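Below are the chains, spelled out letter by letter.
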Amino acid sequence: MRYFLDTEFNGFGGPLIAIALVPEDEAAAPFYAALACDRPTEWVAAHIVPVLGTDPVSRETLGRDFARYLGDDPDPVLIADWPEDIAQAAMLLIAAPGRRYPIDRIRFELCDAFGFNSATLSKVPHNAYHDAVALRAFLLARESR
């Protein structure tokens, strides 16, 4: 199945704050979770932290839950419009040095979402879940044309 991916992170190249996977099938459950952000940048403190809408979990819990969420899908494809979203998702699969969370396979697709702007198209801009929902709607509408 295809999943539309969005993440929030603490500044350019900074640590992950939140991640969302929204399945192509609207009847399937999404995945959304957040980590604590102890020293948010000024922009993150103003725009991301206030709209997280969930309590933070540990990185270990997030990685384990992320892999478990995708674990039953024999061929998950994560689609993102920004390379760092893919990098952050891939890093979540690392459990410890030399060890990763069990997942049989996963594919990542970086799409050209020309014209997509989560700040204007998302119901709650800078919330990874709502941004992923907006990305799904944008890309599926484009595909149906």
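Each value, and the rule that gives it
Residues numbered from 1 in each chain as written. Predicted model: local features only at pLDDT ≥ 70, side-chain atom pairs only at ≥ 80, totals over all residues. Heavy atoms only, no water. Phe/Tyr/Trp six-rings, centres within 6.5 Å; stacked < 30°, edge-to-face > 60°. Helix = DSSP H or I, 4+ residues; strand = E, 2+ residues; numbered from the N terminus. Buried < 20%, exposed > 50% of the residue type's maximum accessible area, 1.4 Å probe, protein only. Salt bridge = Lys/Arg side-chain N within 4 Å of Asp/Glu carboxyl O.

Draft legend 1. Summary view of the packing of aromatic side chains. If you walk through the whole model with that rule in mind, you get five aromatic pairs. Seen in terms of ring centroids, Phe116 and Phe138 are 5.4 Å apart; in terms of plane orientation they differ by 55°. Their pairing is tilted. Residue Phe116 is found in the loop between β7 (107-110) and α4 (118-121), and its partner Phe138 is found in helix α5 (residues 128-144); the two are separated by 22 residues along the sequence. Taking relative accessible area as the criterion, Phe116 reaches 14% and is therefore assigned buried. What links up through ring pairs into an aromatic cluster is the set Tyr3, Phe31, Phe66 and Tyr69.

Draft legend 2. Layout of the environment of Phe12. In this structure, Phe12 sits in the loop between β1 (2-9) and β2 (16-23). Classification of Phe12 by relative accessible area gives exposed; the value is 81%.

Draft legend 3. Representation of the pattern of salt bridges. According to the stated counting rule, one finds five salt bridges in the structure shown. Between Glu24 and Arg2 there is a salt bridge whose closest N-O contact spans 2.9 Å. Remark: Arg2 occurs in strand β1 and Glu24 occurs in the loop between β2 and β3 (31-34); sequence separation between them is 22 residues. Two residues, Arg2 and Glu143, come together in a salt bridge whose shortest N-O distance is 2.8 Å. In this pair, Arg2 sits in strand β1 while Glu143 sits in helix α5, placing the two residues 141 residues apart along the sequence. Accessibility expressed as a relative area gives 47% for Glu143, which makes it partly exposed. One salt-bridge network, in which partners are shared between bridges, spans Arg2, Glu24 and Glu143.

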